[in-house]
Amino acid sequence: MTYCVGVLVEDGLVMIADTRTNAGLDNISTYRKLHMFNVPGERVMMLASAGNLSMTQSVLSMLREGVDDVEGETPPKLGDAATMFKAAQLVGRAIRRVREIEQAGFEAANLRMEVSFLFGGQIGDEPMRLFMIYSAGNFIECSREAPFLQIGEHKYGKPILDRAVTFETDLYDALKVGLVSMDSTMRSNLGVGLPIDIAVQRRGSLDLEVSHRIEAGESYFHDLRERWSAALRAAHRAIPRPPYGPPR
C-alpha cells in the first residue's frame, strides 16, 4: 500500500510520499516512491508513484531512457519536455506503452495493472503545476479551489487536508498539514509507513528548497505525532456532550 500527497499553494509546491511496499505481513520492505527529474535553474519535476511496483519501475525507466511508442520517432525523455503539460502527457504515454508491452503477461498471471502518479513542478518561466495521472494515462490538474491531490490510501488523510489547506495556506504550514495527514494514514493502515520522503519547491524557484527523508525516530515527526494526538484529545474534551439520551 502507498500514500502520496501533493499540495500546491500560492507560495509553492509540497510533495510527500511514504516508502513502504509489502506482499503480505511477513514481507515488508521500502522503496522510494518520490522521484526527481531536476535540472537546477532550468526545471524541477517531481513524480510520486503508487500501484504495482514492477509497472511503476518500468514507467520510471522509460521516462528516463525514452518512450518508444511511435515508430521512427526519437524516443522522448521526461527531462526534455518543453512544458509541464507535455511532460504529463508523456507520463501518460509511458503508462500506456508499459501496458502494451506487459499486458499479456499480467493477464496470464491474473494480476491487475494498476498504477497512478502525482506529477508536479515547474519548467522555466511557465506556471507551477500539479497533476494526478491515472492508470489509463489520462490526468487531472490541481486547482486553486482544490489545492491538493492524493494517490494510494488517501481516505484517512483527506479529511485533515479538506479542513486545513487552502490555496492561501503558508508553504510550510502546507508541509505540516501534509505530514499530519501522513501520520493519520500510518496510524490507520499498516501498509503505509516510514521512512517518508518530502520535497518543497518555492514558486518561481527552479531548484528544490527542501529534499529530505524522515526516518524512524526523527524528533520533529515524533513531536508532531504526539502534539496532534494531544490536540485531538483536547478538542474532544472541549466539545459539549451531545444533548441526547437521559440527562446527567
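Summary of the structure given here. (Residues numbered from 1 in each chain as written. Predicted model: local features only at pLDDT ≥ 70, side-chain atom pairs only at ≥ 80, totals over all residues. Heavy atoms only, no water.)

**Topic: the packing of helix α1 (residues 53-65) against helix α2 (residues 84-108)**
- It is at 9 Å that the axes of α1 and α2 come closest, and there the two elements cross at 130°. The angle between the axes of α1 and α2 places the two elements in the oblique class. The two elements α1 and α2 meet at a crossing, and its hand is right-handed. Packed against α1, whose contacting residues are S54, M55, S58, V59, M62 and L63, the element α2 presents L90, V91, A94, I95, R97, V98, R99, I101 and F106 at the interface. (Axes fitted to C-alpha atoms, helices over the stretch in contact; angles between N-to-C directions. Helix = DSSP H or I, 4+ residues; strand = E, 2+ residues; numbered from the N terminus. Parallel < 35°, antiparallel > 145°, perpendicular 65-115°, else oblique. Left-handed = near helix turned anticlockwise from the far one by under 90°. Contact = heavy atoms within 4.5 Å.)

**What to know about the sheet that holds strand β11 (residues 196-202)**
- Spatial ordering of the open sheet is given by β10-β1-β2-β11-β12, a layout of five strands whose pairing is antiparallel. Looking at strand neighbours, the two that pair on one side only are β10 (148-152) and β12 (210-214), the edges of this open sheet. For this sheet, the mean angle separating the axes of adjacent strands, direction not counted, is 10°.
- Pairing of strand β1 (residues 3-9) with β10, which is carried by five bridges, proceeds in the antiparallel orientation. Within the sheet, the bridge partner assigned to C4 lies in β10 and is I151.
- Along the sheet, helix α4 (residues 171-188) makes contact with β1, β2 (12-18), β11 and β12, crossing β2 at roughly 20°. (Pairing = 2+ DSSP bridges.)

**Let's talk about unusual backbone geometry**
- The omega torsion across L194 and P195 is -5°, close enough to zero to call that bond cis.
- With respect to the element layout, P195 can be found in the loop between α4 and β11.

**Here we look at the packing of aromatic side chains**
- Going through the model one piece at a time under the given rule, you end up with two aromatic pairs.
- Taken together, a centroid distance of 5.7 Å and an interplanar angle of 70° make the contact between F85 and F139 edge-to-face. With F85 in helix α2 and F139 in strand β9 (residues 139-141), this pair connects stretches of sequence that are 54 residues apart.
- In this structure F85 comes out as partly exposed when scored by relative accessible area, which is 34%.
- Owing to a relative accessible area of 24%, F139 belongs among the partly exposed residues under this scheme. (Phe/Tyr/Trp six-rings, centres within 6.5 Å; stacked < 30°, edge-to-face > 60°. Buried < 20%, exposed > 50% of the residue type's maximum accessible area, 1.4 Å probe, protein only.)

**Description of the nonpolar core**
- By size, the foremost hydrophobic cluster in this structure holds 27 residues, and its most contacted members are L63, L78 and F119.
- Contributing elements (two or more residues each) for this core: β6 (43-51), α1, α2, β7 (115-123) and β8 (129-133).
- Among residues more than four places away in sequence, those in contact with F119 are M45, M46, L47, L78, M84, A87, A88, R129, L130, F131 and I133.
- Counting 26 residues, the second largest nonpolar core, distinct from the first, contains V9, V192, L194 and I198. (Core = buried A, V, L, I, M, F, W, Y, C linked by side-chain atoms within 4.5 Å.)

**Notes on the environment of V44**
- Mapped onto the fold, V44 is located in strand β6.
- Here V44 falls in the buried class, since its relative accessible area comes to 1%.
- With 165 residues separating them in the primary sequence, V44 and E209 have C-alpha atoms 11 Å apart.
- Excluding residues that lie within four positions of it along the chain, V44 makes contacts with F37, N38, G120, G121, Q122, Q201, L206, D207 and L208.

**Re α1**
- For α1, spanning 13 residues, the distance from its first C-alpha to its last is 18 Å, which sits close to the expected 18 Å at 1.5 Å a residue.
- Burial in α1 covers these residues: M55, T56, V59, L60, M62 and L63. Projected down its long axis, α1 carries its buried residues within an arc of 160°, all on one side.
- Where α1 is buried, its residues touch β5 (34-36), β6, α2 and β7.
- Positive backbone phi, approximately 130°, marks G66, located one or two places after α1. (Expected span 1.5 Å × (residues − 1). Arc of directions from axis to C-beta.)

**A word on the pattern of salt bridges**
- All chains considered together, the criterion is met by 18 salt bridges.
- Note that D197 is salt-bridged to R32, the shortest N-O span being 3.3 Å. On the criterion of sequence distance, the pair formed by D197 in strand β11 and R32 in the loop between β4 (28-30) and β5 is long-range, its members being 165 residues apart.
- You can call D197 buried: its relative accessible area is 2%.
- For R32, a relative accessible area of 37% translates into the label partly exposed.
- In this structure, E168 engages R144 in a salt bridge whose closest nitrogen and oxygen atoms are separated by 3.5 Å. Here R144 lies in the loop between β9 and β10 and E168 lies in the loop between α3 (158-164) and α4, a separation of 24 residues in the sequence.
- A single network of salt bridges, built from pairs that share partners, joins R32, D197 and R213. (Salt bridge = Lys/Arg side-chain N within 4 Å of Asp/Glu carboxyl O.)

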